[in-house]
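# Summary of structural features
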Amino acid sequence: MFKIDKHQNRIEKLEQSSFAELGFRERAHLQEWLAHKPDALGEELLVIQKEFAGFSDTSERLDLLAIDKQGSLVIIENKLDDTGRDVTWQAMKYASYCSRLTKDDIRQIFQSYLDRYSFGSKAEDELCAFLDADEYQEVVLNKGVTQRIMLVAANFRKEVTSTVLWLASFKLRIQCFRVTPFSRGDDLFLTIDQIIPTKDAEEFMIGLASKAQDEIEGIEAEKVRYTLRREFWSVLLAATNPRTDLFRTVAPGIRNWLSVNTGRRGISLALVVRRESARVEVYIDVGSKESNEHLFDTWFRDRAEIEQSFGETLTWERLDDKRACRIKAERPGNVFDREQWPELIDYMVDAVIRLERAFRDRLATLPAK
């Protein structure tokens, strides 16, 4: 590695060091660096546990356990200056142990990690956010034989690289990353390079692995959910449009919500369905958090009058931990159960008409979009 001196138009070589020479240790340093910056390994990863030892009948611990954007478990093993001879076998054992973990096992493992390092966070919420899922029931984790292995070390022995390349030919997702520390005076630097497979070859190998049965099953399940939602929205809009023009320009989609702007900047009416509930809501996002909360508080002072006009109690969610605010009416229900559709649709159509009517005069006083 070289440092560029722009003023002198020269490059200066940085001195390569070993972790031992610099006084770094595997768990105290390298493991912590990767736990706090897992994307240093070239992709978005969510670390869900450190020093994981939740295996039956063994006291072995894997260094880091993570999930990738496809919901696959990623076993990360760190070995500092030398891998040793047995790192591949060790990582494969951990992968086999992890293959037995259920979705609820993983949630509990992650929750214990959050309770220790990010108190107050919920594993279900973090998993949904990372995997871009609308609701936790849609999250698919550790399906089939999708477990992956990442080996991290400054030096890889020949017997290790040979084994890794052979295993990769059987579509096992295993990667090797070389980490190298450099120093210049008091400044320290680190490079992390993926050496197996090379980045050019990785896309081809991942393309082959993408046809694994578990991924196919996941895609098919997703298609079923999307198809059901689109059909539900089609039936609901057919029932809504003869009674109100609110959603006349809205087309049925595959997401778990339909929304329409009220004609007032940042205020929308929405219909939302989940596996456990259905709701209608006024969503407030007029700009800044302060503006949203001011409008919410203004309407909240008229809560009794608004609820009397609506005809039932509303749930007022100021959402202090978010920018937007929400006012909603909700009832239990499962959109994926066709037998519940008539009751859900009757409720949602009637409720969204009543909700718009309850806020109509107040919306009229706000600036138009």
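Residues numbered from 1 in each chain as written. Predicted model: local features only at pLDDT ≥ 70, side-chain atom pairs only at ≥ 80, totals over all residues. Heavy atoms only, no water.

## As for the packing of helix α4 (residues 103-117) against helix α5 (residues 123-131)
Remark: α4 packs on α5, axes separated minimally by 9 Å, with the N-to-C direction vectors making an angle of 105 degrees. The pairing of α4 with α5 is recorded here as roughly perpendicular in orientation. Contact residues: α4 offers Arg107, Phe110, Gln111 and Leu114, while α5 offers Ala123, Glu124, Glu126 and Leu127. Per-class residue counts for the contact of α4 with α5 are 4 nonpolar, 1 polar and 3 charged. (Axes fitted to C-alpha atoms, helices over the stretch in contact; angles between N-to-C directions. Helix = DSSP H or I, 4+ residues; strand = E, 2+ residues; numbered from the N terminus. Parallel < 35°, antiparallel > 145°, perpendicular 65-115°, else oblique. Contact = heavy atoms within 4.5 Å. Nonpolar A, V, L, I, M, F, W, Y, C, P; charged D, E, K, R; others polar.)

## Digging into the packing of aromatic side chains
Under the definition given, this model contains 12 aromatic pairs. Considering the side-chain rings of Phe232 and Trp341, the 5.4 Å spacing of their centres and the 75 degrees angle between planes classify their relative orientation as edge-to-face. On the criterion of sequence distance, the pair formed by Phe232 in helix α8 (residues 213-240) and Trp341 in helix α11 (residues 341-364) is long-range, its members being 109 residues apart. Grouping residues by exposure puts Phe232 and Trp341 together as buried. Counting every residue linked through ring pairs, the aromatic cluster contains Phe19, Phe24 and Trp33. (Phe/Tyr/Trp six-rings, centres within 6.5 Å; stacked < 30°, edge-to-face > 60°. Buried < 20%, exposed > 50% of the residue type's maximum accessible area, 1.4 Å probe, protein only.)

## Topic: the layout of surface pockets
In this approach, a probe sized like a water molecule rolls over the atoms, and the result shows the empty space that is left. What the largest pocket holds in volume is close to 860 Å³. The wall of the largest pocket is formed by 22 residues, among which Asp134, Arg274, Arg279, Lys322 and Arg326 lie closest to the centre. Within the residue set of the lining of the largest pocket, elements represented by two or more residues are α5, β12 (277-284) and β14 (325-332). For the lining of the largest pocket, a count of residues per class yields 7 nonpolar, 2 polar and 13 charged. (1 Å grid on protein atoms, 1.4 Å probe; cavity = no way out; pocket = protein on both sides within 12 Å on 5 of 7 lines; lining within 4 Å. Points joined across faces, edges and corners; volume = space filled by probe spheres on them.)

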